[in-house]
Structure formats: structure tokens, C-alpha cells
Amino acid sequence: MGRVKDADKLFEKIPERNVIIWSIMVHGYSKNGLHEKSIECFNSMRNIGLVPNSFTIVGVLVGVSGLRDLILGQSVHGLIVKLGLEDNSFVGTSLLEVYAKCGNINDSCKIFENLKSQGLVPWNAMISAFVHNGLFKEAFLLFNRFRKSGLFPNSMTVMALTQSCVAMESKCLCESAHAMVVKFGLVADVQVNNSLLFLYSSLMELPVAWEIFDTMEEKDVISWSTMMSLLVHLEYASDAIKLFFHMRDYDHLILMNLISACGILGNLKMGKSVHAQVITRGFGSELPLLNAMIIMYARSEDLNSSRTVFDHSTMKSMVSWTSIISGLLHNGRPREALDMFIRVRIVENFFTDSVLLVSALTAAGEMGALELCMQLHCHTIKAGCTNYRSIQNCLISTYSKCGDVELANNVFVQMASLRDIVSWNAIINGYGINGHGETALSLFYEFRKSGGIPDSATYLSILSACSHSGLISEGLLIFNQIIEENRIRVVTEHYGCIADLLARAGYLSDASKFLDGEGKTLWKAILNGCVRNGDLNLAEFAVRKFHEQIQKDSGQLVLLSNLYASVGRFKDAEALRLGMEAEKLIKVPGFSILTGNL
């Protein structure tokens with residue numbers, strides 16, 4: 001029952017303690033995670049001359065397994081041989097688990113093969129031993145032997161094999177394991193169903209996971225938590241919240257998923273309610289929950305609350321610092337994000353990991369701080385993070401944003417086999433935003449020639465590159481290919497690039513056809529084109545159609561005000577500026593790459 005102190009008191013009151021009573025204590029300590037105390041109790045028993053039995057040995061081996069102490073395990077092994085218990089199935093199984101936990105899989109195999117009675121428990125233990133040591137293929141080969149021996153799998157067998165399936169990322173094996181569960185009638189076992197849920201969640205197979213979850217007769221907290229985690233990970237935040245309202249009980253993991261869902265939706269009101277539940281239920285000191293709340297408040301644009309949660313966290317992990325830095329970046333505070341990065345490096349003396357470095361590089365890119373980017377690049381080399389694809393891809397983007405596309409290309413070239421589609425997208429976009437549209441086009445076609453399949457971001461990067469460089473026919477040709485291939489979903493941003501391309505080239509009447517779509521990218525493109533070409537009529541048409549969005553965007557209001565002023569309509573220009581002051585809309589100041597000042 002976990003009441004170890006009560007067991008201790010009762011044990012001390014017993015005047016004559018035999019081997020059974022000592023064995024119960026040895027086993028009890030191990031079972032409750034008090035491994036060192038289990039070993040101490042075993043030694044006390046030996047010191048008074050009592051001879052342990054198989055139950056005692058199994059108890060002490062569980063303790064040794066928990067301590068991962070190979071030398072101690074070998075000592076107990078010697079005692080087992082001395083006592084003549086090496087043929088005992090339960091003792092042998094516990095011993096092979098000790099060697100497996102200590103990383104000595106060869107001795108585990110020897111013990112398993114020498115066991116005279118190889119029932120279901122030793123087979124499961126050996127399969128789990130292979131899984132624990134990352135020998136997943138060996139686990140499946142042993143399972144094949146297990147089936148040929150005529151034995152039938154149980155829930156423990158399935159749970160070990162599903163871990164192998166997840167590690168090997170094999171959908172085929174996952175489906176085979178699922179079929180085995182159905183074949184042997186294990187679908188009613190909640191632990192087995194939880195394993196299958198975890199398996200399909202790891203593959204991001206939402207429809208299958210949902211079907212398993214929906215048909216489960218019995219669900220525990222793990223079932224609900226796994227399903228909510230998958231929905232949150234796939235950003236089906238509304239569905240995750242709906243799932244929560246069907247639950248009878250929940251733990252801190254469920255609350256963490258709920259907080260993440262609120263962050264994705266930007267639902268600050270619900271997020272605060274969940275925060276209150278966290279405190280009410282006594283989970284206020286759980287660090288993963290606090291980290292989730294930092295992110296939730298930041299995503300909901302309540303940076304003050306995010307900072308408050310961070311500052312009041314007595315224990316801060318690397319995730320805590322990464323969360324607040326990401327939150328600052330999300331809210332357009334790159335300088336503060338960099339200050340936090342410096343603080344975590346100097347004051348807290350944490351080892352900088354790849355995620356934190358990506359955040360720092362992103363901040364440097366947002367500020368256009370080339371020298372800082374170069375320093376961070378040197379730090380990634382010093383920290384041994386040069387083989388992290390995420391860092392290399394971020395370096396390409398950051399150098400490009402700082403205006404040094406040559407350095408970005410150097411990183412891209414050095415990546416060689418490490419490149420993925422994100423790398424190609426970053427370098428294509430880098431050349432595009434720096435006005436090298438033809439080079440971006442060349443890279444795009446090189447990517448396709450090498451067998452690369454463009455995604456939505458690839459097309460967005462190349463269309464933007466064509467727009468910035470005035471490559472009208474090339475951009476329209478690629479856009480036509482997107483429509484003909486019908487492989488990706490064309491979204492507002494793609495239409496916005498074409499509208500911007502036509503508007504930049506002065507084809508405003510053609511660009512205006514795209515105004516039937518919705519979204520800020522379209523009207524921003526049209527309005528920018530109108531300002532460049534002095535087309536006030538079309539600008540006012542865009543304003544009427546997208547009045548609600550434009551009234552909330554200070555940058556576009558300033559553009560429109562300048563357009564009114566350029567054609568002599570000073571009263572209209574002044575009215576817009578006064579309206580901005582009344583609504584307290586402030587244009588985000590520009591950043592100078594040359595001076596490094598706002």
C-alpha cells in the first residue's frame with residue numbers, strides 16, 4: 001500500500017523475525033523505490049545468520065536493478081550460485097533484468113538460454129531487455145522464437161513490442177502488432193490499448209488513434225492524456241479542449257495539454273481558468289506545467305503574465321529559459337530575447353543547447369545584427385552543434401535577413417548531405433529577399449532536378465523572390481505549375497505573392513482581380529502597389545473592401561496617409577493620422593542594419 005513507515009514500525013515491534021518477515025521488508029523497500037534501503041535490510045538479515053530464499057533474492061535483485069549497480073549484481077549472482085538457486089525461474093528472470101538494466105545484455109542472454117523453465121515471464125523479460133538496450137530487431141527475432149515455442153503473448157509482450165515499433169518508426173510493424181492484439185483478444189486490456197494509442201500517436205496517425213480511443217471500454221488518465229497530447233501536437237486545440245470536458249478526473253499532464261491547447265488558440269480567458277485549476281489542485285510547483293503556462297501566456301500576447309510566471313518559478317530549467325525567450329520573440333521583442341540569452345549563458349551558466357541557439361539566432365536575424373550572428377555561429381562551432389540541421393537552417397535564414405547572402409550560401413554548401421527541404425527553402429528565400437531573384441530561380445530548379453518535391457513554403461519563397469526581383473513571367477509560370485499539379489493547397493499567401501508581383505510591376509488592374517480572396521497578404525500587396533504607382537482609386541477600393549483589417553494595421557495606415565499627401569489630399573492624410581493617435585496605434589519603428597539602432 002506504499003505505507004513504508006507503518007511497515008517499519010510494525011517490523012521493529014516483532015520480537016522474533018524469521019526469513020519470511022525479513023524477505024517481506026527487502027521486497028517491500030524495493031517495490032516502493034527505496035533501493036538502497038532494500039540492500040541495507042538484506043545485509044542486516046545476512047549479518048544475523050539468516051539464509052535468504054528465492055523470494056528474498058528476487059527482492060534484493062529488484063533493488064540492485066533500480067540502482068543500476070553491475071558489481072553489486074554480480075555479487076548477488078555469486079550468492080545465487082552458492083545457494084543453488086540458479087535454476088529457479090523467478091530468480092533467473094530477475095537476474096537477467098539486472099544485467100539488462102546495467103547494459104550487460106550478453107550476460108542476460110546467457111542466463112535466459114540456461115533457464116530450464118522458460119515460461120511466459122522469462123520470455124517477456126528477455127524481449128524487454130533487448131528493447132531497453134535499443135536492440136529492437138533482436139527483440140522481434142526473439143518474439144518469433146517465442147511464437148514457435150507455442151506460447152501466447154500477453155499484455156507485457158505487447159507493451160514491449162510496441163516500444164520497438166515506435167523506436168523503429170515502422171508503420172508496417174505497428175499495424176502487425178495491432179493485428180496481433182486483435183488476434184489474441186487483448187483489446188479489452190487498458191494497458192494494451194494505451195500502448196497502441198502511444199504507438200499511433202508517435203506516427204501522428206490521428207484517425208486510427210481516435211478509433212482506438214473511441215472504442216475503448218475502459219479509459220484511464222494515460223488514455224485521455226495520450227489522446228489530448230496528439231490533438232495538441234497536431235494543433236487540433238479545440239478538439240483537445242472538447243475532450244477535456246468529457247473527463248471525470250485529470251492529473252497535471254492533462255492540465256499541461258489543456259494549457260498548450262489554450263496557447264494554440266490564444267484563448268487567454270480559458271488559459272487563466274486552467275492556471276487557477278493548477279494552483280487549486282496543488283500542481284503550482286510542477287515545472288513542466290509552469291513552462292507550458294509561460295508559452296501559453298506569450299502566445300496569447302500577455303507577455304506580462306508570461307514574465308510573472310517565469311520570474312516566480314523557484315526552479316528554472318533550460319526549457320523555462322527557452323520558453324520565455326521564444327515568447328519574447330513571438331511578441332516582437334528580439335532585443336529582450338537576446339538579453340535573456342546572455343543572462344542564461346553568464347548568470348545561470350546553463351549549457352547552451354540547439355533549441356536555445358536557434359532562438360538566439362532568430363533574434364539576431366530579427367534585429368539584422370550581422371556581427372552578433374557571426375559570434376553565435378562561432379559559438380555553435382565551439383559548443384559542437386554544427387551537425388544540428390535546425391541550427392544550420394537557422395543560420396541560413398539569419399545571415400539572409402542580415403543582408404549577407406554569401407555567408408548564408410556558405411552554410412548551405414557546407415551542409416552537403418545534411419540538407420533537407422527547409423534548407424532549400426531558406427536559401428531560396430534568402431536570395432529572394434536580398435533581390436537575387438534569378439539565383440533563387442536557379443536554386444529552385446536545381447532543387448527540383450535533384451529530386452526534391454517543393455512544399456507550400458518552397459513555392460511561397462520562390463514566388464516572393466520573383467515578386468521582389470520583378471520576374472513577372474517566371475513567377476506566373478511557377479504559379480501556373482502549382483495550379484496544374486494540384487499537389488499543394490494554394491493559400492492566401494500564394495495569391496498575395498502574385499498580387500504583389502503584379503502590383504510591383506504596375507499591373508494593378510490585374511492584381512485587383514485577386515481582391516476576391518480574403519486575408520491581409522492580398523490587401524497589403526495591393527495597397528503597397530498603389531502607393532508605389534500613385535493609384536489612389538484602387539487604393540480606396542482596397543480600403544473599402546478590407547476596411548476592418550486596414551484600420552488595425554498602423555503600417556498600412558501610414559502608407560495610405562502618405563498616398564493622400566502625395567496627391568494633395570492633406571485633410572484626409574491628417575484625419576488618418578489623428579485616427580491612429582485616438583486608437584493609440586503606433587507604427588513599429590524601422591531598424592537600421594548599418595547603425596544597429598532603432
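Residues numbered from 1 in each chain as written. Predicted model: local features only at pLDDT ≥ 70, side-chain atom pairs only at ≥ 80, totals over all residues. Heavy atoms only, no water.

Per an unreviewed UniProt entry, the chain goes by the name Pentatricopeptide repeat-containing protein and belongs to Anisodus acutangulus.

K.L.:
Would you mind going over the packing of aromatic side chains with me for this structure?
P.N.:
We describe a pair of aromatic rings using the distance from one ring centre to the other and the angle between the two ring planes. Using the criterion set out here, one finds 13 aromatic pairs in the structure. Ring geometry for F244 against F245: centres 5.7 Å apart, planes inclined by 65 degrees, an arrangement best described as edge-to-face. Note on F444 and Y459: the rings are 6.0 Å apart at their centroids and 55 degrees apart in plane angle, and the pair reads as tilted. Of the two residues, F444 sits in helix 27 (residues 437-449) while Y459 sits in helix 28 (residues 456-469), which places them 15 residues apart along the sequence. Residue F444 is classed as buried on the basis of its relative accessible area, which comes to 0%. The rings of F112, W123, F143 and F146 are connected pair by pair, giving a single aromatic cluster. We note K316 situated over the ring of F310; from NZ or CZ to the ring centre the distance is 5.1 Å. A cation over an aromatic ring shows up here: R419 above the ring of F412, its NZ or CZ 4.2 Å from the ring centre. (Phe/Tyr/Trp six-rings, centres within 6.5 Å; stacked < 30°, edge-to-face > 60°. Helix = DSSP H or I, 4+ residues; strand = E, 2+ residues; numbered from the N terminus. Buried < 20%, exposed > 50% of the residue type's maximum accessible area, 1.4 Å probe, protein only. Lys NZ or Arg CZ within 6 Å of the ring centre and 35° of its normal.)

K.L.:
Even after reading the chapter, I still don't get the environment of T157, so can you show me in this structure?
P.N.:
Looking at the secondary structure, you find T157 in helix 10 (residues 155-168). Given the relative accessible area of 1%, T157 is considered buried. Remark: the alpha-carbon pair of T157 and L120, spanning 37 residues in sequence, is separated by 8.9 Å. Apart from the residues lying within four places of it in its own chain, the contact partners of T157 are L120, N124, I127, F143 and F146. (Contact = heavy atoms within 4.5 Å.)

K.L.:
For this particular structure, what's the right way to read the layout of surface pockets?
P.N.:
Left-over empty space is what a probe sized like a water molecule reveals as it rolls over the atoms. As a volume, the second largest pocket reaches approximately 400 Å³. Lining the second largest pocket we find 18 residues, and of these E97, K101, N124, A125 and S128 sit closest to its centre. Elements with a contribution of two residues or more to the lining of the second largest pocket: helix 4 (54-67), helix 6 (89-101), helix 8 (120-132) and helix 10. Residue contributions to the lining of the second largest pocket peak at 7 residues, all from helix 8. For the lining of the second largest pocket, the residue count by class is 10 nonpolar, 6 polar and 2 charged. (1 Å grid on protein atoms, 1.4 Å probe; cavity = no way out; pocket = protein on both sides within 12 Å on 5 of 7 lines; lining within 4 Å. Points joined across faces, edges and corners; volume = space filled by probe spheres on them. Nonpolar A, V, L, I, M, F, W, Y, C, P; charged D, E, K, R; others polar.)

K.L.:
Can you help me understand the UniProt feature "repeat: PPR" (unreviewed entry) in the chain in this one?
P.N.:
UniProt annotation of "repeat: PPR" (unreviewed entry) refers to residues 18-52, 119-153 and 420-454 when read in the numbering used here. Counted over residues 119-153, helix gives 74% and strand 0%. Its end C-alpha atoms are 11 Å apart. The annotated region residues 420-454 carries 74% helix and 0% strand content, and the separation between its end C-alpha atoms amounts to 11 Å. (UniProt positions renumbered as here; feature names shortened; annotations may be inferred.)

K.L.:
Sorry, what's going on with the nonpolar core here?
P.N.:
The tendency in soluble globular proteins is for nonpolar side chains to be buried side by side. By size, the foremost hydrophobic cluster in this structure holds 150 residues, and its most contacted members are I57, I462 and I478. Those residues in contact with I478, other than ones at most four positions away along the chain, are L441, F444, Y445, Y459, I462, L463 and C466. (Core = buried A, V, L, I, M, F, W, Y, C linked by side-chain atoms within 4.5 Å.)

K.L.:
What's the story with the packing of helix 11 (residues 171-183) against helix 12 (residues 190-202) in this structure? I'm lost.
P.N.:
For any two helices packed against each other, one specifies the crossing angle of their axes together with the interaxial distance. Orientation of helix 11 relative to helix 12, taken along the N-to-C sense of each, is 160 degrees, at an axis distance of 11 Å. Taken as axis vectors, helix 11 and helix 12 run roughly antiparallel relative to one another. Considering the relative orientation of helix 11 and helix 12, their crossing is left-handed. Contacts between helix 11 and helix 12 involve C174, E175, H178 and V181 from the former and V192, L196, L199 and Y200 from the latter. Split into classes, the residues belonging to the contact of helix 11 with helix 12 amount to 6 nonpolar, 1 polar and 1 charged. (Axes fitted to C-alpha atoms, helices over the stretch in contact; angles between N-to-C directions. Parallel < 35°, antiparallel > 145°, perpendicular 65-115°, else oblique. Left-handed = near helix turned anticlockwise from the far one by under 90°.)

K.L.:
Looking at this structure, I do not really get unusual backbone geometry. What am I missing?
P.N.:
Excluding glycine, most residues fall at negative phi; most peptide bonds, likewise, are trans. We note that E169 has phi near 50 degrees; this positive angle belongs to a residue other than glycine. We classify E169 as exposed; its relative accessible area is 65%. The phi dihedral of A416 falls on the positive side, at around 50 degrees, and the residue is not glycine. With respect to the helices and strands, A416 occurs in the loop between helix 25 (405-415) and helix 26 (421-433). For A416, a relative accessible area of 43% translates into the label partly exposed.

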